[in-house]
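# Close look at the chain arrangement
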Amino acid sequence: MDIPQRLDDALKRLSASLEKLEAAADRRAKSDAMRANLEEELAVLQDDRSRLAVELDGAIARAVTLDGANEDIARRLKNANAAIRDILGEVDADQ
């Protein structure tokens, strides 16, 4: 094999290696871009989760407050009902 042929073969191998390297670099760039997108989506989901957790805590606190108010109102209505029955009983007794 003469020198020009060996040089030509070496250049072909170099060209093929460079093409493989470029393809690998492209795959890596796409992979890095996809990873960046996934990390951004994860950050958005974590922000949403934090916001929803705060909203849930607020909703639970309001529900507890409403339950307490509901029990207080039920107790007052029961007492008012008993007082009205007592008054009506006295009115009936007087008649």
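Residues numbered from 1 in each chain as written. Predicted model: local features only at pLDDT ≥ 70, side-chain atom pairs only at ≥ 80, totals over all residues. Heavy atoms only, no water.

Our next topic: the overall build of the protein. Scanning the protein from N- to C-terminus turns up 1 helix and 0 strands. Taken over the C-alpha trace, the protein has a radius of gyration of 40 Å; the compact-globule value for 95 residues is 12 Å, which it surpasses by more than 25%. Taken along its principal axes, the extent of the C-alpha atoms in the protein is 135 × 15 × 10 Å. For the protein, the distance from the average position of its 15 positive side-chain charges to the average position of its 21 negative side-chain charges is 9 Å. (Helix = DSSP H or I, 4+ residues; strand = E, 2+ residues; numbered from the N terminus. Rg over C-alpha atoms; globule rule 2.2 N^0.38 Å. Lys, Arg positive; Asp, Glu negative; His and termini not counted. Charge placed at Lys NZ, Arg CZ, Asp CG, Glu CD.)

When the UniProt feature table is mapped onto this chain numbering, "coiled-coil region" (unreviewed entry) sits at residues 7-55. From the first C-alpha to the last, residues 7-55 spans 71 Å; its make-up is 100% helix and 0% strand. (UniProt positions renumbered as here; feature names shortened; annotations may be inferred.)

Before going further, it helps to spend a moment on the environment of Asp48. Along the chain, the position of Asp48 falls in helix H1 (residues 3-94). With 30 residues separating them in the primary sequence, Asp48 and Leu18 have C-alpha atoms 45 Å apart.

Another point: the pattern of salt bridges. Enumeration over the complete set of coordinates arrives at 7 salt bridges. Of the charged contacts in the structure, one is a salt bridge between Asp48 and Arg51, with a shortest N-O distance of 3.8 Å. Of the two residues, Asp48 and Arg51 are both situated in helix H1; the distance of 3 residues between them amounts to about one turn of the helix. Looking at Asp48, the relative accessible area reads 31%, which means it is partly exposed. A network of salt bridges, in which partner residues are shared, links Asp48, Arg51 and Glu55. (Salt bridge = Lys/Arg side-chain N within 4 Å of Asp/Glu carboxyl O. Buried < 20%, exposed > 50% of the residue type's maximum accessible area, 1.4 Å probe, protein only.)

In this section: the environment of Ser50. You can see Ser50 is positioned in helix H1. Accessibility expressed as a relative area gives 41% for Ser50, which makes it partly exposed.

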